[in-house]
Amino acid sequence: MKLLSRSAPAVLCLFLAGTLAAESENNDQTKIQTLARAYASCCTFCEESRAFIWPDGTVIPWDDGEIKTDYEDLLNRASLRDQMAQSYPKGWPFEIPLLNQDPGRVRNEAFFKKIYGASAEEVRSNLVAVPWLFGKSISVTRINGVDQALARIRDKVAGESPEIQGYVKHSLGSFNWRVIAGTERLSMHSFGIAVDFKFPDGAHRYWRWSGEKDGKITYHSALLHNTALAVIVEIFEEEGFIWGGKWYHHDTMHFEYRPELLDCSEGE
Ligand SMILES: [Zn+2]
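Here is a short report on the structure shown in this document. (Residues numbered from 1 in each chain as written. Predicted model: local features only at pLDDT ≥ 70, side-chain atom pairs only at ≥ 80, totals over all residues.)

### Examining the overall build of the chain
Each helix and strand in the chain was counted, giving 8 helices and 9 strands. Residues classed as buried in the chain amount to 29% of the 268 residues present. Residue pairs at least 24 apart in sequence account for 59% of intrachain contacts in the chain once pairs closer than 6 positions are excluded. (Helix = DSSP H or I, 4+ residues; strand = E, 2+ residues; numbered from the N terminus. Buried ≥ 20, exposed ≤ 12 C-beta atoms within 10 Å, placed from the backbone. Contact = placed C-beta atoms within 7 Å.)

Here is the structure:
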């Protein structure tokens, strides 16, 4: 009895650890499947090697097994597992993002280079000028159906009121092979999968413009009450684009094609 009572906590501990490990594994499997669905036209997941593989033999592991020292290190050396760690809050309303809650901002650069192109020339060769509203066009990649998703967004926005359409009247640019301001990481604009718009005053916010210290960034909660903006964001999300306005390091002009965070491809 004595032995049993002494070992019981250890057994319970082992049991709980086993349960948590199983839960974590299930969670990983769900995320792997979601990522695989979103990029099924480009690569497949290999259970045996726990990696995504391409027809040309390229292999990108799901988990690099490395501990990142801090948030900056995580952003600079993200694995695919890191990339899928934070859940994107699809829909409206949403909770004001907490410190470093930036779902979609942690990215494995090698993955996007392999999917969309490893140089400006390579990405450019797949760009399509999608006719937009107001007689304009926006160039995005044709890879993974990004151009078709943007065309569907255009058709949906075309049925909305002039006030709502006004949010996407002025594109500030899409394809641009460049690094993110203040970093050495490639912007998603480099891959032809991101679009910026000039929003009306008050809704146009970028955390670096606030002059606030990183870690002390104020979120503009008035954005949550902007019903016209909500319509635009939901239309983009339905088609696989996340919105930078839901990040702690917010960038409200920015939309980016990341179907793995919205799971739009389920059932297709
Ligand atoms: Zn942008």
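### Let's talk about the nonpolar core
With 45 residues, the main nonpolar core has Val 140, Val 146, Leu 150, Ile 193, Ile 232 and Phe 236 as its most contacted residues. For this core, the secondary-structure elements that each account for two or more residues are helix H1 (2-38), helix H4 (109-116), strand E5 (137-141), helix H6 (146-158), strand E7 (194-197), helix H8 (227-238), strand E8 (241-243) and strand E9 (254-257). Element by element, the count of residues in this core is highest for H8, at 5 residues. Those residues in contact with Leu 150 that lie beyond four places of it in its chain are Val 130, Ile 138 and Val 140. (Core = buried A, V, L, I, M, F, W, Y, C linked by C-beta atoms within 7 Å.)

### Considerations on the sheet that holds strand E3 (residues 59-61)
Taken in spatial order, the 3 strands line up as E1-E2-E3 in an open sheet, and their pairing is antiparallel. Two strands close off the open sheet at either side, each with one partner strand: strand E1 (44-46) and E3. Between one strand axis and the next, the sheet turns by 35° as a mean value, whatever way the strands run. Inspection of the sheet shows strand E2 (residues 51-53) paired to E3 by 3 bridges, in the antiparallel sense. Looking at the pairing, Ile 53 lines up with Val 59 of E3. (Pairing = 2+ DSSP bridges. Axes fitted to C-alpha atoms, helices over the stretch in contact; angles between N-to-C directions.)

### Quick look at H4
Regarding H4, the residues found buried are Phe 111, Ile 115 and Tyr 116. For H4, the buried positions fall inside an angular range of 100° around the axis, keeping them on one side. Considering only its buried residues, H4 is in contact with E3, helix H3 (80-83), helix H5 (120-124) and E5. Positive backbone phi, at 130°, marks Gly 117, one or two positions downstream of H4. (Arc of directions from axis to C-beta.)

### Some words on H8
An ideal rise of 1.5 Å per residue puts 16 Å on 12 residues; H8 measures up with 17 Å between its terminal C-alpha atoms. Within H8, the full set of buried residues consists of Leu 229, Ile 232, Val 233, Ile 235, Phe 236 and Glu 237. The inward-facing, buried residues of H8 contact H6, helix H7 (162-165), E8 and E9. Backbone geometry just after H8 places Gly 240 at a positive phi near 95°. (Expected span 1.5 Å × (residues − 1).)

### Quick notes on the environment of His 250
Its place among the elements puts His 250 in the loop between E8 and E9. A sequence separation of 30 residues divides His 250 from His 220, and the C-alpha atoms of the two residues are 9.5 Å apart.

### As for the pairing of E7
In E7, alternate side chains face the same way, and those of Ala 194 and Asp 196 on one face and Val 195 and Phe 197 on the other are all buried. Summarising the sheet, strand E6 (residues 171-173) and E7 pair through 2 bridges and their orientation is antiparallel. For Gly 173, the partnering residue across the bridge sits in E7 and is Asp 196.

### Things to note about the pairing of E9
Of the two faces of E9, the one carrying His 254 and Glu 256 and the one carrying Phe 255 and Tyr 257 are both buried. Strand direction decides the pairing type here: E7 and E9, joined by 3 bridges, are antiparallel. Of the residues in E9, the one forming a bridge with Ala 194 is Glu 256. Two elements, E8 and E9, share 3 bridges in a ladder whose sense is antiparallel. By the bridge assignment for E9, Ile 242 is matched with Glu 256.

### Points about unusual backbone geometry
A cis amide bond, omega -5°, links Trp 92 with the succeeding residue Pro 93. Tracing the chain through its elements places Pro 93 in the loop between H3 and H4. At Asn 100, a residue that is not glycine, the phi angle is positive and equals roughly 60°.

Geometric descriptors of this kind do not, in isolation, establish any biological role.
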